[in-house]
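# Observations on the three-dimensional arrangement
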Amino acid sequence: MKYQAPRGTHDVLPDEFVVRRDLVATAERLAELAGYQPIEPPTFEDADLFVRSVGAGTDIVEKEMYVFEDRGGDRLALRPEGTASVCRAYLQHGFANRPQPAKFHYVLPIFRYERPQAGRYRQHTQFGAEAIGVRDPALDAEVIELGWRITEEVGLRDLRLGINSIGDAEDRAGYVPVLREHFAPHLEALCADCRQRYQRAPMRLLDCKQESCRPYQSGAPLIRDHLRPESRAHYEGVQERLQALAIPFEEWSTLVRGLDYYTHTVFEIAPANGGSQATIVAGGRYDGLIELLGGRPTPGIGFGMGLERLALNLQAQGQAPEPAAPLPALVIPVGAEAVTRASQLAADLRRAGVGATLAFGDRSLKAQLRHADHTGARFALIVGERELRAGVAEVRDLRRGEQRSVALDAVVEELRRAAPYTESK
Ligand code: ATP
Ligand code: MG
């Protein structure tokens, strides 16, 4: 075949689509129960928005972002994450002047030029939530609770929730020199990425997955031991609230994130037996971000959840996805004269909320019935010239193998009772 979906992307086919739609419905319902409102920023933004917020030297901006110049000469980027756009919208539309926190949820395609593998794509979809305008440990706990509850409600088991505090710029001013001191004697032995991290984002030295770097991570000083009292109090407050909500969390003292805007609380939810592509939910606080984008100093916190990884993990746990529901009724006209009445019947059924379509084409009744079977339809409604004269349709229940004549003007009511569209889902 000449054309294929671009590498790292895939077509969401009907069976996968309905699974995803159910996941999204659950996530949205839980988010709205907690007062988060839907938002959808555009798919592309001024590239600079992401450069400033995610950070010029991060993998996402430096290696993964899809940047292009449009015909007017503007430098745009396909969104590589959701938070920056939502914060931009918060500022642009004056949400700062409304009750705080402003709370949003979204479902957005995300674009990153990554090395494609299972659970890692160049286009993926995130469900996300953001709460902007309040710095209160109880809000951190609410956001984390939402992420946790969604994974629970969709039926994922054996998950772990890890939290950490990465402090803010002031905390790090005290911590980073000590951290560098620990790694300095080993610079030669670290991987090339880590040698760069040493300069640009030293906290990420703790997070390198290379086996050869691991020995130098153990015994490294931890930010947790270098937080100022206010920062420590916030972190302890988050833990107390999570305990009160009976959310089981672990302290992952080397958890850092790959985006520059994070401060204080960071968290991830991953399967207990997971590998590196396993993180399903990831998020944290971003108290400096709104100010960085030109607003007044405004705190915020949020998370993103990869829907593909959510679905993969459900599957891995043996939760067989329900296939897309077949249409309940197939109306089969027999002979040219029956087509008009049959198509009216199909339309009447749809008006009454019963899924129905015509059996098209010039095929024998036997072939049409075989086709009906293949589609998974529950009922075949046969309308032939003989039936027309008698004012009836043959209603064949394909599941039970029964068939009987039903007056044409009673068919809709009969099927509405037997096969409302939602029944077969
Ligand atoms: P990773 O460490 O796996 O690269 P990340 O830190 O880059 O993840 P975030 O930017 O925090 O991920 O994105 C939030 C969530 O989105 C992740 O936890 C994951 O579920 C999902 N995700 C991120 N990148 C991809 C991708 N390339 N393909 C599929 N899902 C992804
Ligand atoms: Mg990544």
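Predicted model, so just to flag it, every value in this text is computed and none were measured.

## Brief notes about the overall build of the protein chain
The secondary structure content of the protein chain amounts to 15 helices and 16 strands. Taken against the 2.2 N^0.38 rule, which gives 22 Å for 425 residues, the C-alpha radius of gyration of the protein chain at 28 Å runs more than 25% over that of a compact globule. Its C-alpha atoms give the protein chain principal-axis dimensions of roughly 95 × 50 × 50 Å. Expressed as a percentage of the 425 residues in the protein chain, the buried residues total 49%. Pairs at least 24 apart in sequence give 68% of the contacts found in the protein chain among residues at least 6 apart. Summing over all exposed atoms, the protein chain offers an accessible surface of approximately 21,000 Å²; the carbon and sulfur share of this is 49%. Between the centroid of the 53 positive side chains of the protein chain and the centroid of its 59 negative side chains there is a distance of 4 Å.

## Regarding the packing of helix H1 (residues 14-33) against helix H5 (residues 137-153)
Here H1 crosses H5 at 140°, and the two axes come no closer than 10 Å. One finds that H1 runs oblique with respect to H5. In terms of crossing hand, the pair formed by H1 and H5 is right-handed. For the pair formed by H1 and H5, the contact residues are Thr26, Ala27, Arg29, Leu30 and Ala31 on the first element and Leu146, Arg149, Ile150 and Glu153 on the second.

## Remarks on the sheet that holds strand E15 (residues 392-397)
Reading across from one edge, E13-E12-E14-E15-E16 is the order of the five strands in this open sheet, with mixed pairing throughout. Looking at which strands have only one partner, the edges of the open sheet turn out to be strand E13 (356-358) and strand E16 (402-407). Across the sheet, the mean angle from the axis of one strand to that of its neighbour is 25°, orientation sign disregarded. The pairing of strand E12 (residues 329-334) with E13 spans three bridges and is parallel. When the sheet's bridge partners are listed, Ala329 is paired in E13 with Ala356.

## A closer look at the packing of helix H2 (residues 47-54) against helix H4 (residues 83-92)
Think of two packed helices as two axes; the pair is described by the angle between the axes and how far apart they sit. Look at H2 against H4: their axes get within 10 Å of each other, and the N-to-C directions meet at 105°. With respect to H4, the element H2 is oriented roughly perpendicular. Contacts from Leu49, Phe50 and Ser53 of H2 reach H4 at Ala84, Ser85 and Arg88. The residue makeup of the contact of H2 with H4, split by class, is three nonpolar, two polar and one charged.

## Some words on the sheet that holds strand E2 (residues 44-46)
With respect to topology, three strands assemble into an open sheet ordered E2-E4-E3, the strand pairing being antiparallel. Looking at strand neighbours, the two that pair on one side only are E2 and strand E3 (67-69), the edges of this open sheet. Taken pair by pair, the neighbouring strands of this sheet meet at an average axis angle of 35°, ignoring direction. Two elements, E2 and strand E4 (residues 75-78), share three bridges in a ladder whose sense is antiparallel. Paired with Phe44 across the strands is Leu78, a residue of E4. Running at roughly 75° to E2, H2 makes contact with E2, E3 and E4 of the sheet.

## Section: the state of the cysteines
Enumeration according to the criterion identifies zero disulfides in this entry. No disulfide involves Cys191; its nearest neighbouring cysteine sulfur is the one of Cys213, lying 3.7 Å away. Residue classification places Cys191 among the buried positions, given a relative accessible area of 14%.

## Here we look at helix H15 (residues 411-418)
Every buried residue of H15 is accounted for by Val411, Val412 and Leu415. The arc that holds every buried residue of H15, seen down its axis, measures 95°, which confines them to one face. Elements in contact with the buried residues of H15: E12, helix H12 (338-351), strand E14 (379-384), E15 and E16.

## Quick look at the packing of aromatic side chains
A complete count under the given rule lists eight aromatic pairs for this structure. With 6.1 Å between their ring centres and 75° between their planes, Tyr66 and Tyr113 make a pair best called edge-to-face. Taken together, the residues span a long stretch of sequence, with Tyr66 in the loop between helix H3 (59-64) and E3 and Tyr113 in the loop between strand E5 (102-111) and strand E6 (123-132) at a distance of 47 residues. Given the relative accessible area of 46%, Tyr113 is considered partly exposed. Seen in terms of ring centroids, Tyr261 and Tyr286 are 5.9 Å apart; in terms of plane orientation they differ by 75°. Their pairing is edge-to-face. Remark: Tyr286 occurs in the loop between strand E10 (281-285) and helix H10 (289-292) and Tyr261 occurs in the loop between strand E8 (250-251) and strand E9 (263-271); sequence separation between them is 25 residues. Judged on exposure class, the residue Tyr261 and its partner Tyr286 are both buried. Linked through ring pairs, Tyr90, Phe95 and Phe104 together constitute an aromatic cluster. The side chain of Arg98 reaches across the aromatic face of Phe95, ending 4.1 Å from its centre. Positioned over the ring face of Tyr113 is Arg122, at 3.9 Å from the centre of the ring.

## Some remarks on the pattern of salt bridges
By the definition in use, this model includes 32 salt bridges. Taking the shortest distance from any N to any O, the salt bridge between Arg224 and Glu251 comes out at 3.7 Å. Taken together, the residues Arg224 in the loop between helix H8 (214-217) and helix H9 (229-244) and Glu251 in strand E8 connect sequence positions 27 residues apart. The partly exposed category is assigned to Arg224, whose relative accessible area is 26%. Two residues, Glu240 and Arg241, come together in a salt bridge whose shortest N-O distance is 3.7 Å.

## Quick look at the site of ligand 1
Around ligand 1 there are 14 residues in total, and Arg112, Glu114, Arg120, Tyr121 and Arg257 lie nearest to it. In this structure, Ile280 approaches ligand 1 through a main-chain N or O atom, which is 3.0 Å from an oxygen atom. Interatomic distance of 3.1 Å between a side-chain N/O atom of Arg309 and an oxygen atom of ligand 1. Coverage of ligand 1 by the protein chains reaches 87% of its 590 Å² of free accessible surface.

How each quantity is defined
- Residues numbered from 1 in each chain as written.
- Chains lettered and ligands numbered in written order.
- Predicted model: local features only at pLDDT ≥ 70, side-chain atom pairs only at ≥ 80, totals over all residues.
- Heavy atoms only, no water.
- Helix = DSSP H or I, 4+ residues; strand = E, 2+ residues; numbered from the N terminus.
- Rg over C-alpha atoms; globule rule 2.2 N^0.38 Å.
- Buried < 20%, exposed > 50% of the residue type's maximum accessible area, 1.4 Å probe, protein only.
- Contact = heavy atoms within 4.5 Å.
- Areas by Shrake-Rupley, 256 points an atom, 1.4 Å probe, with all protein chains shown as cover.
- Lys, Arg positive; Asp, Glu negative; His and termini not counted.
- Charge placed at Lys NZ, Arg CZ, Asp CG, Glu CD.
- Axes fitted to C-alpha atoms, helices over the stretch in contact; angles between N-to-C directions.
- Parallel < 35°, antiparallel > 145°, perpendicular 65-115°, else oblique.
- Left-handed = near helix turned anticlockwise from the far one by under 90°.
- Pairing = 2+ DSSP bridges.
- Nonpolar A, V, L, I, M, F, W, Y, C, P; charged D, E, K, R; others polar.
- Disulfide = S-S within 2.5 Å.
- Arc of directions from axis to C-beta.
- Phe/Tyr/Trp six-rings, centres within 6.5 Å; stacked < 30°, edge-to-face > 60°.
- Lys NZ or Arg CZ within 6 Å of the ring centre and 35° of its normal.
- Salt bridge = Lys/Arg side-chain N within 4 Å of Asp/Glu carboxyl O.
- Near = heavy atom within 4 Å.
- Polar contact = N/O pair within 3.5 Å; in protein donor to acceptor, adjacent residues only side chain to side chain.

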